[in-house]
There are 2 protein chains.
Amino acid sequence: MESLKQRILKDGRILDGNILKVDSFINHQIDPRLAFDIGREFYNRFAGVRIDKILTIETSGIAFALCAGYHFNVPVVFAKKHSGINMSSDVYQSKVHSYTKQTDYTISVSEQFLSSGENLLIIDDFLANGQAVLGLINIASQAKCKVSGVGIVIEKDFQPGSKILRSLGIRVESLAVIESLKNNKIIFREALKK
Amino acid sequence: MESLKQRILKDGRILDGNILKVDSFINHQIDPRLAFDIGREFYNRFAGVRIDKILTIETSGIAFALCAGYHFNVPVVFAKKHSGINMSSDVYQSKVHSYTKQTDYTISVSEQFLSSGENLLIIDDFLANGQAVLGLINIASQAKCKVSGVGIVIEKDFQPGSKILRSLGIRVESLAVIESLKNNKIIFREALKK
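Residues numbered from 1 in each chain as written. Chains lettered and ligands numbered in written order. Predicted model: local features only at pLDDT ≥ 70, side-chain atom pairs only at ≥ 80, totals over all residues.

Draft legend 1. Main features of the overall build of chain A. The helix and strand inventory of chain A stands at 5 helices and 11 strands. The dimensions of chain A, computed from C-alpha atoms along their principal axes, are 50 × 40 × 30 Å. In chain A, which comprises 194 residues, the share counted as buried stands at 47%. Taking the contacts inside chain A whose residues are at least 6 apart along the sequence as the reference set, 59% of them involve residues at least 24 apart. (Helix = DSSP H or I, 4+ residues; strand = E, 2+ residues; numbered from the N terminus. Buried ≥ 20, exposed ≤ 12 C-beta atoms within 10 Å, placed from the backbone. Contact = placed C-beta atoms within 7 Å.)

Next up, the structure:
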């Protein structure tokens, strides 16, 4: 998605440890018109695929999931994050490991919002190690839902997330794929190598 | 906002302790077309008011702030919630008391996303005791921003939040105002009494 890549080049900042900071338009301050265009791009990429519901995870996935849901005209469900296990019996839960924070957390979705047989599109802002998306796939599987695809705003190609997801046979569409952040320079993967 | 009220009557549930549960379309599962209409309604209510930025708080304010931001075509900033004090020197912070959970938490916004003199519209999904919005107003004041108004999706008239905000001279626009949840019945405040 060219407008997204240009925005990343313009406003993204590289921090130590291969971290791309995009909090001025993606995950602290959000540009709503860009988010809306991102939602439409997901809709175009998954055109013709049956999607009954969008599934994401709080916090920074919500804006893009909502905009995708607007274009697909389907409900958006976000998994809640918390520490520890919620003892409630009416939620699907999955444990997620955060490599960034070196901790585990639990994500949960009320059973009533995922019905057996539904086709889900999972949306998230970042894909690096893929742990959060794997947690959502685990929850989808508990609910007997089908994951029709995964839509990612920014993928880090040099981390294993997308490889893991594709090895599970899951279609992943990433709107900007970062090949390298070395030497303080943002390099996108070329479309041809996709 | 009539379509919102009808949806609350159709899908809202009343739990013990004056709690209105709207997690099937507002704060766990979200209806994106309704959220978009809510954003437009905020835009209409604050037509003619100068708004440079939308300020909200994670998690469930984000969807509605984003949709308002889309119509105003201004950036959306969400305050992050965490326990304890963040020692970072480049954030504005405020302590918020949660009556629901009987705990305090801290909200923070990076200094770089609020500039002196900006006119803010604060958006949140619920207004009950008003503590979260007061925390956002405190942050706006630290940043020398002006709060041009507060937009609320669902206000509980029988709790003191809106009275406190209006006593500070702040314009509050609530799209659905609940007068009572007694006897397991949702009663909206009539427009005339506003």
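Alright, that's what it looks like, and here's the rest.
Draft legend 2. Expanded view of the relation of the copies chain A and chain B. Rotating chain A by 180° about the axis while translating it 0.0 Å along that axis superimposes it on chain B, leaving an RMSD of 0.0 Å. Considering both components of the superposition, the chain copies are consistent with a two-fold axis. (Least-squares fit on C-alpha atoms with pLDDT ≥ 70 in both.)

Draft legend 3. Geometry of the packing of helix α2 (residues 32–45) of chain B against helix α3 (residues 62–72) of chain B. Residues and elements named next belong to chain B. Between α2 and α3, the least distance of the axes is 7 Å, while the angle of their chain directions is 55°. Here α2 is positioned oblique relative to α3, judged by the angle of their axes. Seen from above, α2 lies across α3 with right-handed handedness. For the pair α2 and α3, the contacting residues are A35, F36, I38, G39, R40, F42 and Y43 in the first and A63, F64, C67, A68, Y70, H71 and F72 in the second. Class assignment of the residues belonging to the contact of α2 with α3 gives a composition of 11 nonpolar, 2 polar and 1 charged. (Axes fitted to C-alpha atoms, helices over the stretch in contact; angles between N-to-C directions. Parallel < 35°, antiparallel > 145°, perpendicular 65-115°, else oblique. Left-handed = near helix turned anticlockwise from the far one by under 90°. Nonpolar A, V, L, I, M, F, W, Y, C, P; charged D, E, K, R; others polar.)

Draft legend 4. Looking closely at the pairing of strand β5 (residues 76–82) of chain A. Note: strand β4 (residues 53–57) of chain A against β5 of chain A, 4 bridges, orientation parallel. In the strand pairing of β5 of chain A, L55 of chain A is matched with V77 of chain A. In this fold, β4 of chain A hands off to helix α3 (residues 62–72) of chain A, which returns the chain to β5 of chain A; that crossover is right-handed. In this sheet, strand β3 (residues 29–30) of chain B lies alongside β5 of chain A in antiparallel orientation, the contact comprising 2 bridges. (Pairing = 2+ DSSP bridges. Right-handed = clockwise from strand over helix to strand, strands pointing away.)

Draft legend 5. Local environment of the nonpolar core. L66, A68 and L136 of chain A together with L66 and L136 of chain B are the most contacted members of the largest nonpolar core, which has 121 residues in total. Setting aside residues no more than four positions away along its own chain, L136 of chain A makes contact with L55, I57, A79 and I122 of chain A. (Core = buried A, V, L, I, M, F, W, Y, C linked by C-beta atoms within 7 Å.)

Draft legend 6. Just the environment of F126 of chain B, in detail. All names here are of chain B. Structurally, F126 is set in strand β8 (residues 119–127). Judged by the 23 C-beta atoms lying within 10 Å of it, F126 falls in the buried class. Sequence spacing of F126 and F78 is 48 residues, and the spatial spacing of their C-alpha atoms is 15 Å. Beyond its immediate chain neighbours, meaning those up to four positions away, F126 contacts V153 and I154.

Draft legend 7. Looking closely at the pairing of strand β10 (residues 172–180) of chain A. All names here are of chain A. Two elements, strand β9 (residues 146–156) and β10, share 6 bridges in a ladder whose sense is parallel. Its bridge partner being in β10, V150 is matched across the sheet by V172. With respect to chirality, the unit in which β9 leads through helix α5 (residues 161–167) into the neighbouring parallel β10 is right-handed. Bridge analysis of β10 against strand β11 (residues 187–188) gives 2 bridges, and the strand direction is antiparallel. Residue pairing for β11: S180 is matched across the bridge by I187.

Draft legend 8. Unusual backbone geometry, seen in detail. Residue and element names in this part refer to chain A. Along the chain, E58 connects to T59 via a cis peptide bond; the corresponding omega equals 5°. Among the secondary structure elements, T59 is positioned in the loop between β4 and α3. One non-glycine residue, N184, adopts positive backbone phi at about 60°. Judged by the 8 C-beta atoms lying within 10 Å of it, N184 falls in the exposed class.

Draft legend 9. Inspection of the interface of chain A and chain B at higher detail. Contact residues are listed per partner, giving 23 residues for chain A and 23 residues for chain B. Examining the composition of the side of chain A that touches chain B, we find that 5 residues originate from one element, α3 of chain A, more than from any other. Taken together, the residues of the side of chain A that touches chain B sort by class into 13 nonpolar, 6 polar and 4 charged.

Draft legend 10. Representation of α3 of chain A within the structure. Residue and element names in this part refer to chain A. Summarising burial for α3: 10 of the 11 residues are buried, a large majority. Among all positions of α3, only I62, A63, F64, A65, L66, C67, A68, G69, Y70 and F72 are buried. Downstream of α3 by a residue or two, N73 has a phi angle that is positive, lying close to 55°.

Draft legend 11. Layout of the packing of α3 of chain A against α3 of chain B. The interhelical angle for the contact between α3 of chain A and α3 of chain B, taken along N-to-C directions, is 65°, at an axis separation of 9 Å. With respect to the hand of their crossing, α3 of chain A and α3 of chain B are arranged in right-handed fashion. For the pair α3 of chain A and α3 of chain B, contact is made by I62, A63 and L66 of chain A and by I62, A63 and L66 of chain B, respectively. Considering only residue class, the contact of α3 of chain A with α3 of chain B consists of 6 nonpolar, no polar and no charged.

Draft legend 12. Structural detail: helix α2 (residues 32–45) of chain A. The end-to-end C-alpha distance of α2 of chain A, which contains 14 residues, comes to 20 Å, matching closely the 20 Å that a straight helix rising 1.5 Å per residue would cover. Looking at α2 of chain A, one finds that the buried residues are P32, L34, A35, F36, I38, G39, E41, F42 and Y43 of chain A. (Expected span 1.5 Å × (residues − 1).)

Draft legend 13. Summary view of the environment of I139 of chain A. Residue and element names in this part refer to chain A. Secondary-structure assignment places I139 in helix α4 (residues 131–142). Since 24 C-beta atoms lie within 10 Å of it, I139 is described here as buried. As for I139 and N73, which are separated by 66 residues in sequence, their C-alpha atoms are 22 Å apart. For I139, the contacting residues outside a window of four places in its chain are A79, Y92, S94, I107 and V109.

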